[in-house]
Amino acid sequence: MISPAMTRQSSASKIRLPGKLVPRAFFEHPPEQVAPLLLGKLLVRRIEGRQPRNERIVAGRIVEVEAYLGPHNDPPDPAAHAHRGPTPRNAVLFGPAGHAYVYSIYGMHYCMNISCEPAGRAGCVLIRALEPVAGLREMARNRGLDPGVAARELTGGPSRLCRALGLTRAAHNGVDLLAARSPLQVRDDGFAVAEYCVTPRIGITHAADRPLRFALPGHGCVSGPRSLTGARVICVG
DNA sequence: ACTCGGATTCTCT
DNA sequence: GAGAATCCGAGTA
């Protein structure tokens with residue numbers, strides 16, 4: 001008898017993760033600097049099978065992010081969870097860089113961020129949209145959608161992508177994204193971004209005009225593509 | 001203890 | 001374009 005788990009992944013050897021882990025120093029900088037550099041990187045969720053060799057991955061390429069600044073900044077960023085200082089909820093943001101800050105919102109969704117700045121300072125980048133690159137069927141299943149739906153429906157939105165990757169606060173808040181054995185990682189496969197858009201952040205009421213949202217121009221997975229029209233475009237290099 | 005509102009998404013009009 | 005769903009952290013008392 002052959003189970004789906006056995007046929008899903010070749011049992012020949014351990015799964016090969018795409019690209020290489022991003023170095024910690026990449027995130028030890030202000031989030032408004034890190035955010036645009038994060039575009040094009042991969043967010044990889046590793047899922048264990050019954051046997052170690054049955055591990056599988058669900059992964060997406062980052063195509064939209066927002067920066068949220070720590071309380072040491074002038075002017076401050078009142079839209080950021082960290083802006084009033086450390087609390088039990090936002091503790092991860094004041095810890096070392098490159099860790100996942102996953103919080104629940106509206107009682108039914110999660111959003112996922114990556115901590116920035118050296119330990120002791122807060123700041124983070126919110127991941128707002130991915131382009132699915134691996135585990136598409138599992139993403140659709142996690143989202144309760146039919147396989148074959150538009151990629152944007154899978155991972156175009158901060159809570160959609162958490163659902164697609166199976167991310168929760170209980171399981172993933174505080175996870176080190178830059179360790180070889182981590183179940184959730186940020187990796188670089190060499191994808192080069194030629195240009196990106198800069199716009200105000202979405203869905204906030206404070207500091208709503210600051211240009212701290214970054215996205216790949218014209219990418220179909222970006223949430224609210226209309227919000228990119230007329231946006232300033234920055235050429236890389 | 002109690003209130004308030006949110007870094008959203010989905011459905012319906 | 002509007003409204004509902006639904007819970008917990010943070011601020012105030």
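It should be noted that the structure appears before, not after, this text.
Just so it is clear, the structure is predicted and the values come from calculations on it, not from any experiment. (Residues numbered from 1 in each chain as written. Chains lettered and ligands numbered in written order. Predicted model: local features only at pLDDT ≥ 70, side-chain atom pairs only at ≥ 80, totals over all residues. Heavy atoms only, no water.)

## Considerations on the overall build of chain A
At step 1: The secondary structure content of chain A amounts to six helices and ten strands.
At step 2: Against the globule reference of 18 Å for 237 residues, chain A gives a C-alpha radius of gyration of 18 Å, in line with a compact fold.
At step 3: Taken over the C-alpha atoms alone, chain A extends approximately 65 × 40 × 35 Å along its principal axes.
At step 4: A total of 237 residues make up chain A; the buried ones form 48% of that total.
At step 5: Here the analysis covers contacts within chain A between residues at least 6 apart in sequence; of these, 64% occur between residues at least 24 apart.
At step 6: Counting only carbon and sulfur atoms, one obtains 53% of the accessible surface of chain A, whose full area is about 11700 Å².
At step 7: With 30 positive and 18 negative side-chain charges, chain A shows a separation of 7 Å between the mean positions of the two kinds. (Helix = DSSP H or I, 4+ residues; strand = E, 2+ residues; numbered from the N terminus. Rg over C-alpha atoms; globule rule 2.2 N^0.38 Å. Buried < 20%, exposed > 50% of the residue type's maximum accessible area, 1.4 Å probe, protein only. Contact = heavy atoms within 4.5 Å. Areas by Shrake-Rupley, 256 points an atom, 1.4 Å probe, with all protein chains shown as cover. Lys, Arg positive; Asp, Glu negative; His and termini not counted. Charge placed at Lys NZ, Arg CZ, Asp CG, Glu CD.)

## Side note on the nonpolar core
In globular proteins that are soluble, nonpolar side chains generally tend to be buried together.
At step 1: Counting residues in hydrophobic clusters, the biggest one holds 50 residues, and the most contacted among them are Phe27, Leu38, Met112, Ile127 and Val186.
At step 2: At six residues, strand E3 (residues 56-69) tops the list of elements feeding residues into this core.
At step 3: Setting aside residues up to four positions removed in sequence, Met112 forms contacts with Leu43, Ala100, Tyr101, Val102, Val125, Leu126, Ile127, Cys162, Leu167, Leu177 and Leu184.
At step 4: Ranked by size, the runner-up nonpolar core spans 13 residues in total, among them Tyr68, Ala79, Ala82 and Tyr103. (Core = buried A, V, L, I, M, F, W, Y, C linked by side-chain atoms within 4.5 Å.)

## What to know about the protein's contact with DNA strand C
At step 1: Near DNA strand C, the surroundings consist of Arg84, Thr87, Arg89, Tyr106, Gly107 and Met108.
At step 2: With respect to DNA strand C, the side chain of Thr87 contributes an N or O atom lying 2.4 Å from a phosphate oxygen.
At step 3: Contact between DNA strand C and Arg89: a sugar or linking oxygen at 3.2 Å from a side-chain N or O atom of the residue.
At step 4: Here the surface near DNA strand C is composed, by residue class, of two nonpolar, two polar and two charged. (Near = heavy atom within 4 Å. Polar contact = N/O pair within 3.5 Å; in protein donor to acceptor, adjacent residues only side chain to side chain. Nonpolar A, V, L, I, M, F, W, Y, C, P; charged D, E, K, R; others polar.)

## What about the side chain of Thr155?
At step 1: Secondary-structure assignment places Thr155 in helix H4 (residues 151-155).
At step 2: Thr155 gets classed as buried once you look at its relative accessible area, which sits at 0%.
At step 3: A polar contact of 2.6 Å, which involves the side chain of Thr155, links it to the backbone oxygen of Leu130.
At step 4: In this structure, Thr155 is in contact with Arg128, Ala129, Leu130, Glu131, Pro132, Met139, Arg160, Leu161 and Ala164, ignoring residues within four places of it in sequence.

## Details of the side chain of His99
At step 1: Topologically, His99 is positioned in the loop between E3 and strand E4 (100-105).
At step 2: Engagement of the side chain of His99 in a polar contact is seen with the backbone oxygen of Gly174, the distance being 3.2 Å.
At step 3: The contact partners of His99, leaving out residues within four places of it in the chain, are Arg24, Val92, Asn113, Ile114, Ser115, Gly174, Val175, Asp176 and Leu177.

## Remarks on the environment of Tyr101
At step 1: Looking at where Tyr101 falls in the secondary structure, it is placed in strand E4.
At step 2: Each residue touching Tyr101, except ones within four places of it in the same chain, is listed here: His81, Arg89, Asn90, Val92, Leu93, Cys111, Met112, Asn113 and Asn173.

Read these as geometric descriptors, not functional statements.
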